[in-house]
Amino acid sequence: MISGQDFFFCGVGGSGMTPLALITKAKGGGVEGSDRALDQGRNLARFDYLRAQGVALHPQDGSGVTRAGQTLVVSAAIEETIPDVQSARRVGAPIVTRAELLSELFNAASVRVGVGGTSGKSTTTAMIGWILVQAGLDPTIVNGAEMKNFVDANTPFAAFRVGAGAPFVAELDESDGSIARFTPTVAVVNNISLDHKSMEELRQLFGDFAAKAARVVINLDNEDTAILAATIGASRRITFSLTDKKADLVAGPLDQAPDGIEFDVTGKGEATRVQLKVPGAHNAANALAAIGAALACGVSLDVAAKALASFTGIRRRLEVAGVAGGVTVIDDFGHNPDKITATLAALHPFPGRLLLMFQPHGYRPLQLMGEAFIDAFATSMAPDDILMMPEPVYFGGTTDRSVGSESVVAGVRARGRNAEALPDRAACGDRLIALARPGDRIVVMGARDDTLSVFAAELVERLAARAL
């Protein structure tokens, strides 16, 4: 299926493309690629790693697509203006989307665990993968984020794992509708809330996704997933909840700390203690989802819980970038209203004013979710917190840029919270350094821009220099 075929990945440095390219190579495929970030001199460590793995890299000018025997892999919609696409058309090379190739690999596995939902997918996918590894099932894992448990000197960008066992665990994407291509034996649905698509479209996508699975692990604490759960036969579903005692897996009282959370979990007459090294009630919910998926794969409750005790998390999920001058800098992936709300809820039980820098991941999300962003910040921020927003990340294209960050900031200010719109990220950095005082926590939030982590690290360096 893959062995012996040649593939060219357009956007090979992307968080979703890199793991798929390397799994394709591990399964015997020839892999080359291009990336606009490489041409622009960004994220060079990732491209050095890809070269070290034997991936030939080319400029994203079409020069790498030269023959009909290559299959061009593109991220989502096929944009005819991309030079690689134009070259593929010219030489007669077939074109597939990332989701088409991933679904081909996934659907061929004998045990298929698909993780869906608006929020929590990456963490839940990593938790499931780690449990199955610890249980000796040797899974293949494809994630959209780097899993700390699998990072080592040879794999610094561990968003994937190639295993020899039956399970294939994958984070699946609803934002482009590609989740419809996957046929899971175990479907995990964490939650359904507004993000890239309308609620009507999301309900249909997740309903169809759940209908195809032999077992469905589903959240009773989210209104839409609870409604979906009621349509699934009791023998096919494993429900979980932080509060609803009728769920198959129920968490006891949450014992929260700044760097973790503990709770009892009860399921099907058994009970055990879960100790997580990642904080927040949202991670307790992710853990319940992961335990449910593990149970569906034949792992016991006790084994799953013990495995989670050594789970170290996902990069850019409430990740402490450093502490300097009494100020903690946190790097976080929060980019939609649910994720932002979960991040602030995890931080607020503990001391320290929050200085938030939220970089939107595009202009379209502001148009679709502007009011939801306003509500998330205005509801979740404390009176002394301060929000700063630069304009959305933009790497080119024909996107409508008529709605910018000022629209969200104005709405948050109108709701009585402190918010500032600044022209760019550099201005936000200067403002954060000027405002920060001992005890504060700076939170860098946003997605689809790997340089946010560099920005967070630079803030730590500036704070340290200021403290000298």
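As shown above, the structure is provided for reference.
Sequence order as written defines the numbering, with residues in each chain counted from 1. At least 70 in pLDDT is required for a residue's local features to be given in this predicted model, at least 80 for side-chain atom pairs to be given and counted, and no such filter applies to totals for whole chains, interfaces and linings, which use all residues. Where side-chain values are given, they derive from all heavy atoms of the structure, hydrogens and water being excluded.

Colleague: Would you mind showing me how to read the pattern of salt bridges here?
Modeller: Proximity of charged atoms lets side chains of opposite charge pair with each other. Salt bridges, as used here, are contacts in which a Lys or Arg side-chain nitrogen is within 4 Å of a carboxyl oxygen on Asp or Glu. By the definition in use, this model includes 21 salt bridges. The salt bridge involving Arg161 is made with Asp138; its shortest N-O contact spans 2.8 Å. On the criterion of sequence distance, the pair formed by Arg161 in strand 8 (residues 160–161) and Asp138 in the loop between helix 6 (121–134) and strand 7 (140–142) is long-range, its members being 23 residues apart. Exposure is judged per residue with a 1.4 Å probe applied to protein chains only, and the accessible area is read against the type maximum: over 50% gives exposed, under 20% gives buried, and values in between give partly exposed. With a relative accessible area of 26%, Asp138 lands in the partly exposed category. Two residues, Arg315 and Glu146, come together in a salt bridge whose shortest N-O distance is 2.6 Å. One end of the pair, Arg315, is in the loop between helix 10 (301–308) and strand 17 (319–324); the other, Glu146, is in the loop between strand 7 and strand 8, and 169 residues separate them in sequence. For Glu146, a relative accessible area of 13% puts it in the buried group. When salt bridges with common partners are traced through the structure, they connect Asp6, Glu32 and Arg67 into a single cluster. In this text, helices come from DSSP runs of H or I with a minimum length of four residues, and strands from runs of E with a minimum of two, each type numbered from the N-terminal end.

Colleague: Looking at this model, I keep getting lost on helix 3 (residues 44–52). Mind explaining?
Modeller: Residues spaced three or four apart along an α-helix face the same direction, because each turn holds 3.6 residues. Listed in full, the buried residues belonging to helix 3 are Arg46, Phe47, Tyr49 and Leu50. The arc that holds the buried residues of helix 3, viewed along the axis, is 155°, so those residues lie on one side. For helix 3, exposure combined with an orientation more than 90 degrees from the buried face picks out Ala45 and Ala52. In this structure, the buried residues of helix 3 make contact with helix 1 (17–26), helix 2 (36–39), strand 3 (56–58) and strand 8. A positive backbone phi angle near 90° is found at Gly54, which sits one or two residues after helix 3. Note that the arc is defined by the directions from the helix axis to the C-beta atoms. Every residue pair with non-hydrogen atoms within 4.5 Å of one another is taken to be in contact.

Colleague: Mind showing me how you'd approach the nonpolar core here?
Modeller: Soluble, globular proteins show a tendency: their nonpolar side chains are buried together. One finds Phe9, Phe168 and Phe206 to be the most contacted residues of the largest nonpolar core, which totals 49 residues. With six residues, helix 7 (residues 199–211) is the single largest residue contributor to this core. Counting residues in each nonpolar core, the second largest holds 43 residues, with Val188, Phe240, Ala287 and Ile314 among its members. We call a set of buried residues a nonpolar core when its members are Ala, Val, Leu, Ile, Met, Phe, Trp, Tyr or Cys and they connect through side-chain atoms within 4.5 Å of each other.

Colleague: What am I meant to see in the sheet that holds strand 5 (residues 95–97) here?
Modeller: Strand pairing in a sheet relies on backbone hydrogen bonds. The paired strands run either parallel or antiparallel. A sheet is described by the order of its strands in space; here five strands give the open sequence 3-2-1-4-5, paired in parallel fashion. The two strands at the open ends of the sheet, each matched to only one other strand, are strand 3 and strand 5. Adjacent strand axes in the sheet meet at a mean angle of 25°, parallel and antiparallel pairs treated alike. Relative to strand 2 (residues 30–34), strand 1 (residues 6–10) runs parallel, the two being bridged by five bridges. Opposite Phe7, over in strand 2, you have Val31 as the bridge partner. Sitting on the sheet, helix 5 (residues 98–107) touches strand 1, strand 4 (70–74) and strand 5, and the angle it makes with strand 5 is about 75°. The pairing criterion for strands is at least two bridges between them, as found by DSSP. Every axis in this analysis is a line fitted to C-alpha atoms, fitted for helices over the stretch in contact. Angles between the N-to-C directions lie between 0 and 180 degrees.

Colleague: For this particular structure, what's the right way to read the environment of Thr155?
Modeller: With respect to the element layout, Thr155 can be found in the loop between strand 7 and strand 8. Put simply, Thr155 and Gln53 are 102 residues apart on the chain and 9.7 Å apart in space, counted from C-alpha to C-alpha. Aside from chain neighbours lying at most four places away, what touches Thr155 is Tyr49 and Phe150.

Colleague: Would you mind showing me how to read the packing of helix 6 against helix 10 here?
Modeller: Helix-helix packing is described using two parameters, namely the angle between the two axes and the distance between the axes. It is at 9 Å that the axes of helix 6 and helix 10 come closest, and there the two elements cross at 115°. Classified by the angle between their axes, helix 6 and helix 10 sit roughly perpendicular to one another. You can see that helix 6 and helix 10 cross each other, and the crossing is right-handed. Residues Met127, Trp130, Ile131 and Gln134 of helix 6 pack against Ala304, Ala307 and Leu308 of helix 10. In this classification, the charged set is Asp, Glu, Lys and Arg, the nonpolar set is Ala, Val, Leu, Ile, Met, Phe, Trp, Tyr, Cys and Pro, and all remaining amino acids, among them Gly, are polar. Within the contact of helix 6 with helix 10, the residues separate by chemical class into six nonpolar, one polar and no charged. Convention used here: angles under 35 degrees read as roughly parallel, angles over 145 as roughly antiparallel, angles from 65 to 115 as roughly perpendicular, and any remaining angle as oblique. Left-handed describes a crossing in which the near helix is turned anticlockwise from the far one by less than a right angle; the clockwise case is right-handed.

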